[in-house]
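Residues per chain, in single letters:
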Amino acid sequence: MMIDTAAFVIGSYAAMSASMSAFVAKVSPTIGPRLRHLFAGASPLAVLLAVRLEGGPSTTLDGMDLLSAGGLVALGVVTSSVVGKFVPTATSDRKKLTSR
């Protein structure tokens, strides 16, 4: 299975974090950079843990799983910060919804 390869997990996590950061920067200008980096760094962890659980009735995450999850979140926050330097945030003048 491909999820067992550490390089694949690290690369896909960084790619998910970068794309989430760019998307949030373009779509939601009211979210500040700190919250955006935290969200973009931590949200791909839900996908990774869902794949890890694999629909089983019970799964135990050991210490190395939790340590690697913390490292991936740190990688995601750093990746989001780097993406934030290159992708400008949308202007916040669009705060109001358009009326019909």
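Along every chain, residues carry numbers that run from 1 in the direction the sequence is written. Local features in this predicted model are restricted to residues of pLDDT 70 or higher, and side-chain atom pairs are both shown and tallied only at a pLDDT of 80 or more, whereas totals for entire chains, interfaces and linings draw on every residue. Side-chain figures throughout are based on the complete set of non-hydrogen atoms in the structure, without hydrogens or water.

Asker: Would you mind going over the overall build of the protein chain in detail, with residue names and values included?
Answerer: Of regular secondary structure, the protein chain possesses four helices and zero strands. Moving toward the C terminus, one meets the helices and strands of the protein chain in the order α-α-α-α. The buried share among the 100 residues of the protein chain stands at 24%. Throughout, a contact is declared for two residues whenever any of their heavy atoms are within 4.5 Å. In the protein chain, once contacts between residues fewer than 6 apart in sequence are set aside, the share between residues at least 24 apart is 78%. With residues, only the protein chains shown are counted as cover, and all accessible areas are computed by Shrake-Rupley using a 1.4 Å probe. Surface exposure of the protein chain reaches about 7,000 Å², of which carbon and sulfur atoms provide 68%. Helix and strand definitions here come from DSSP, where helices need a minimum of 4 consecutive H or I residues and strands a minimum of 2 consecutive E residues; each element is numbered from the N-terminal end. Only protein chains enter the accessibility calculation, which uses a 1.4 Å probe; a residue whose area is less than 20% of its type maximum is buried, one above 50% is exposed, and one in between is partly exposed.

Asker: Run through the packing of helix 2 (residues 33-42) against helix 3 (residues 44-53), naming residues and quoting values.
Answerer: Close contact between helix 2 and helix 3 brings their axes to 4 Å; oriented N to C, the two are set at 15°. In terms of orientation, helix 2 and helix 3 fall into the roughly parallel class. Note on element contacts: helix 3 touches helix 2 through Pro44, Leu45 and Ala46, opposite Phe39, Ala40, Gly41 and Ala42. Gly falls in the polar group here, along with every residue not listed as nonpolar (Ala, Val, Leu, Ile, Met, Phe, Trp, Tyr, Cys, Pro) or charged (Asp, Glu, Lys, Arg). Considering only residue class, the contact of helix 2 with helix 3 consists of six nonpolar, one polar and no charged. Note on geometry: axes are C-alpha line fits, over the in-contact stretch for helices, and angles between N-to-C directions span 0 to 180 degrees. Comment on the angle field: the value is read as roughly parallel under 35 degrees, roughly antiparallel over 145, roughly perpendicular from 65 to 115, and oblique elsewhere.

Interpretation in functional terms is not warranted from these geometric data alone.
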